[in-house]
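Overview (structure and organization)
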Amino acid sequence: MTLYLCGFMGCGKTTVGKIISKKLGLAYFDSDEEIVAKEKMTIPEIFDKMGEPYFRKSEAETIKSFVNHKAVVSCGGGAMLNSETAKSVTENGGIIIFIDVPFDVCYERIKDDSNRPIAVNSTREQLLERYNTRYPIYLENSAIRVECDCSPMEASEKIISAIKIRR
């Protein structure tokens, strides 16, 4: 079983993903960290030198590479916007979980994060528009949606419960 955590930037995918992987005894991967290691550049450098389309292609390939792992995968905020990527994951038994956190909470977490090129180069209004555009796509491409406006530990418990119910 491979669990793919998706949601807007700052929703807690990395923090919650690490907790879930420990609780379930699964490997943990962060798609952004994998891309940085493979490309030998930071995400802002990839965006600057190669462009966002290149990053998104690399992101899709990275996400698909985890399909047969027993793992928790924290996906970049845009990873599951690609319906082909989401389809590939689900067709191969992966479960996509949407970590649903209100925009204002996400914004407070990302507004000063220099490692997020989209956040750094966007106004609050532009990020809100991006959030509102992405939200229905996350819903459409995920098998499970969990409201996680809570602590990371509580969010991980909610997600684990939702997975158990789904089985």
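Everything that follows concerns the structure shown earlier in this document.
Treat the numbers as computed from the prediction; the structure is a model and nothing was measured. (Residues numbered from 1 in each chain as written. Predicted model: local features only at pLDDT ≥ 70, side-chain atom pairs only at ≥ 80, totals over all residues. Heavy atoms only, no water.)

What follows covers the state of the cysteines. Scanning the model with the defined rule gives 0 disulfides in all. Its sulfur unpaired, Cys11 is 5.6 Å from the next cysteine sulfur, which belongs to Cys106. For Cys106, a relative accessible area of 0% corresponds to the buried category. (Disulfide = S-S within 2.5 Å. Buried < 20%, exposed > 50% of the residue type's maximum accessible area, 1.4 Å probe, protein only.)

So, about the environment of Gly76. Relative to the helices and strands, Gly76 resides in the loop between strand E3 (71-74) and helix H5 (83-91). Sequence separation between Gly76 and Ala60 is 16 residues; the distance between their C-alpha atoms is 10.0 Å. Non-local contacts of Gly76, meaning those with residues more than four positions away in its chain, are made with Lys13, Ser31, Asp32 and Glu59. (Helix = DSSP H or I, 4+ residues; strand = E, 2+ residues; numbered from the N terminus. Contact = heavy atoms within 4.5 Å.)

Taken together, the 5 strands give an open sheet; going across it, the order is E2-E3-E1-E4-E5, and neighbouring strands pair in parallel fashion. Taken across any chain shown, the strands that pair with only one partner, and hence form the sheet edges, are strand E2 (27-30) and strand E5 (144-147). Across this sheet, the average inter-strand angle for adjacent strands is 20 degrees, counted without regard to direction. (Pairing = 2+ DSSP bridges. Axes fitted to C-alpha atoms, helices over the stretch in contact; angles between N-to-C directions.)

The next thing to look at is helix H9 (residues 152-166). Across its 15 residues, H9 extends 21 Å between first and last C-alpha, which sits within 8% of the 21 Å expected from 1.5 Å per residue. Tucked inside the fold, the buried residues of H9 contact strand E1 (2-6), helix H1 (13-24), strand E4 (95-100) and E5. (Expected span 1.5 Å × (residues − 1).)

This structure, assessed with the given rule, holds 11 salt bridges. A salt bridge links Lys23 to Glu157, with the shortest nitrogen-to-oxygen separation between them at 2.6 Å. Of this pair, Lys23 sits in helix H1 while Glu157 sits in helix H9; the two residues are 134 residues apart in sequence, bridging distant segments of the chain. On the basis of relative accessible area, Glu157 is assigned to the partly exposed category, the value being 37%. Across the pair Lys87 and Glu91 runs a salt bridge, and its minimum N-O distance is 3.9 Å. Of this pair, Lys87 and Glu91 both sit in helix H5, 4 residues apart, roughly one helical turn. (Salt bridge = Lys/Arg side-chain N within 4 Å of Asp/Glu carboxyl O.)

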